[in-house]
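Breakdown of the fold
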Amino acid sequence: MRNFYLSRRLFVAGSLASPLLAFPSAIAQDKPVDPATLKAGEFQWHPDRSPHGPVVVLVSIPKQWVVVYRGGVRIAASTCSTGRPGHSTPAGVFVILQKDQHHHSSTYNNAPMPYMERLTWQGVALHAGNLPGYPASHGCVRLPLDFAKLLFGVTTLGTPVIVADGEPAYSDMQHPGLLIHHAEEMARDAVKQVSAKVAHSTTATMQTHEASAFVISTADRKLTAFVNGKESFVAPIGIQDPEKPFGTHAFTLTGPDSDLRHLKWLAVGLPAGTNVVAVSALLASETMNRINLVPETAQRMTALMHPGSTLVITDQPAHPGTRTEPGFTIITHDT
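In what follows, the accompanying structure is described.

Rules of the game
- Residues numbered from 1 in each chain as written.
- Predicted model: local features only at pLDDT ≥ 70, side-chain atom pairs only at ≥ 80, totals over all residues.
- Heavy atoms only, no water.
- Buried < 20%, exposed > 50% of the residue type's maximum accessible area, 1.4 Å probe, protein only.
- Helix = DSSP H or I, 4+ residues; strand = E, 2+ residues; numbered from the N terminus.
- Pairing = 2+ DSSP bridges.
- Axes fitted to C-alpha atoms, helices over the stretch in contact; angles between N-to-C directions.
- Contact = heavy atoms within 4.5 Å.
- Phe/Tyr/Trp six-rings, centres within 6.5 Å; stacked < 30°, edge-to-face > 60°.
- Lys NZ or Arg CZ within 6 Å of the ring centre and 35° of its normal.
- Core = buried A, V, L, I, M, F, W, Y, C linked by side-chain atoms within 4.5 Å.
- Salt bridge = Lys/Arg side-chain N within 4 Å of Asp/Glu carboxyl O.
- Expected span 1.5 Å × (residues − 1).
- Arc of directions from axis to C-beta.

**A few points about the pairing of strand β21 (residues 310-314)**
Of all five residues in β21, five are buried, a share of seventy percent or more. Every second residue of β21 is oriented toward a common face, with Thr310, Val312 and Thr314 on one face and Leu311 and Ile313 on the other, all of them buried. The pairing of strand β14 (residues 212-217) with β21 spans five bridges and is parallel. Across the sheet, the residue bridging to valine 215 is valine 312, located in β21.

**Some points on the pairing of strand β16 (residues 230-236)**
Inspection of the sheet shows strand β15 (residues 222-227) paired to β16 by six bridges, in the antiparallel sense. Residue pairing across strands places valine 227 opposite lysine 230, the latter belonging to β16.

**Concerning the sheet that holds strand β10 (residues 125-128)**
The four strands are arranged β8-β9-β10-β11 in an open sheet whose pairing can be described as mixed. Either end of the sheet is taken by a strand with one partner, and the two such strands are β8 (98-104) and β11 (141-143). Strand after strand, the sheet turns through a mean of 25° between neighbouring axes, direction not considered. Bridging between β10 and β11 involves three bridges; their strand directions are parallel. Across the sheet, the residue bridging to leucine 126 is valine 141, located in β11.

**Topic: the side chain of threonine 252**
Mapping threonine 252 onto the fold places it in strand β18 (residues 248-256). Relative accessible area serves as the criterion here: at 1%, threonine 252 is assigned to the buried category. The contact partners of threonine 252, leaving out residues within four places of it in the chain, are Val56, Pro160, Lys264, Trp265, Leu266, Gly308, Ser309 and Thr310.

**Focus on the sheet that holds β14**
Pairing is mixed in the open sheet, where seven strands are placed in the order β13-β19-β18-β21-β14-β15-β16. Each edge of the open sheet carries a strand with a single partner, namely β13 (169-175) and β16. If you compare each strand with its neighbour and ignore which way they point, the axes differ by 20° on average. Of the strands in this sheet, β14, β15, β16 and β21 touch helix α4 (residues 295-304), which is tilted by about 155° from β16.

**Topic: the packing of aromatic side chains**
The full count for this structure, using the stated rule, is three aromatic pairs. Ring plane angle 85° and centroid distance 5.7 Å describe the contact between tryptophan 45 and phenylalanine 147, whose orientation is recorded as edge-to-face. Taken together, the residues tryptophan 45 in strand β3 (residues 43-45) and phenylalanine 147 in helix α1 (residues 145-154) connect sequence positions 102 residues apart. With relative accessibility at 4%, the residue tryptophan 45 sits in the buried group. Grouped by ring-pair contacts, the aromatic residues Phe43, Trp45 and Phe147 constitute a single cluster. The aromatic ring of phenylalanine 152 is capped on one face by lysine 99, whose charged end is 4.4 Å from the ring centroid.

**A look at the nonpolar core**
Counting 30 residues, the largest nonpolar core has Val59, Val66, Val68, Leu143, Phe147, Leu151 and Val161 as the members making the most contacts within it. Top contributing element to this core by residue count: α1, with six residues. The residues touching valine 161, leaving out its near neighbours within four places in the chain, are Val57, Val59, Gly92, Val93, Phe94, Val95, Ile96, Leu119 and Leu126. If you look at the next biggest cluster of nonpolar residues, it comprises 27 residues, including Ile239, Ala267, Met288 and Leu311.

**Quick notes on the pattern of salt bridges**
All told, the structure shown has one salt bridge when counted by the stated rule. A salt bridge links lysine 244 to glutamate 286, with the nearest nitrogen and oxygen atoms 2.4 Å apart. On the criterion of sequence distance, the pair formed by lysine 244 in the loop between β17 (238-239) and β18 and glutamate 286 in helix α3 (residues 281-289) is long-range, its members being 42 residues apart. Note on glutamate 286: relative accessible area 27%, which makes it partly exposed.

**Things to note about the environment of histidine 209**
Mapped onto the elements of the fold, histidine 209 is located in the loop between α2 (184-195) and β14. Residue classification places histidine 209 among the buried residues on the basis of a relative accessible area of 8%. Setting aside chain neighbours within four positions, we find histidine 209 in contact with Leu157, Ala204 and Asn228.

**Some words on α2**
If you check α2, its first and last C-alpha atoms are 16 Å apart, about what twelve residues at 1.5 Å a residue would give, namely 16 Å. Among the residues of α2, those classed as buried are Ala187, Ala190, Val191 and Val194. Burial along α2 is one-sided: seen end-on, the buried residues are contained in an arc of 100°. Among the exposed residues of α2, those oriented more than 90 degrees off its buried face are Glu185 and Lys192. Tucked inside the fold, the buried residues of α2 contact β18, β19 (263-269) and α4.

**Section: unusual backbone geometry**
A positive phi angle, close to 60°, is found at glutamine 64, a residue other than glycine. Residue placement: glutamine 64 occurs in the loop between β4 (55-60) and β5 (65-70). Of the residues examined, glutamine 64 reaches a relative accessible area of 9% and is grouped as buried. The residue arginine 221 is not glycine, and still its phi comes out positive at about 55°. You can call arginine 221 partly exposed: its relative accessible area is 41%.

In short, shape yes, function no, at least from these values alone.
Below is the structure:
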């Protein structure tokens, strides 16, 4: 499926009612481009690069772009417009809580928000909107209309959306994900169990989807498991080298690996503001290796894991400033 350069007059609605604007929406490229080179309103869409697998959406606030991965492969990139000063977009790890193709704002004069994908119950969402080339929304992430429509078609309830305030570093990695050491047989069994599962369907509803996510706070020394945004269980963790900082990392399980001892993960390092730390696959793997669970906790975690599950490891404590309720929302930095 090729992309084509489109130039048309589109109605693009933002947090406030928007006029008709003319700008190019999709550009044809055989290879991924640097999203920072896209002009306001432009995007790439190449779903054929990875037809199947869990979707992960990564948003850069400083760069004003969005990239989309499926099965660990980048399939799309777009410009965006995030929150303006006084109405900032929070940085953190979210999952899609609600989808509404014809949504209207209950806060801003019933403004249309086409292809809305809710990230928080406090009003932050992905949706089609006006893209002036700089942050201009009331906190939402505005997208080109055609891109928002395409994205709406490949995401599910529970799809992770990672919003970065610093320069995000991302890489693929292989790791069993069973955070228990010196238990190779148990790890192999866990990988086999998780590999047999499938990601939740794009047609899943609020009643039928079962999306799991996990948060490990090294400050609190505990793991919290969520299913459909609701807390499932909390358990203590062990830490190796506790004096060494962790930072914040988000890992999304993208599927089984050819090596039966491991699973495939998309690892994203989330520095805050100008605190930029490069994150390699080795460093990301080391972050997982420094966490240790007792066998019973590891088994409970494995029972909930599936392709598309997200694991966040952070050295921030879990409190109202870094976690919102209801739903799975981990705030790493509020701009």
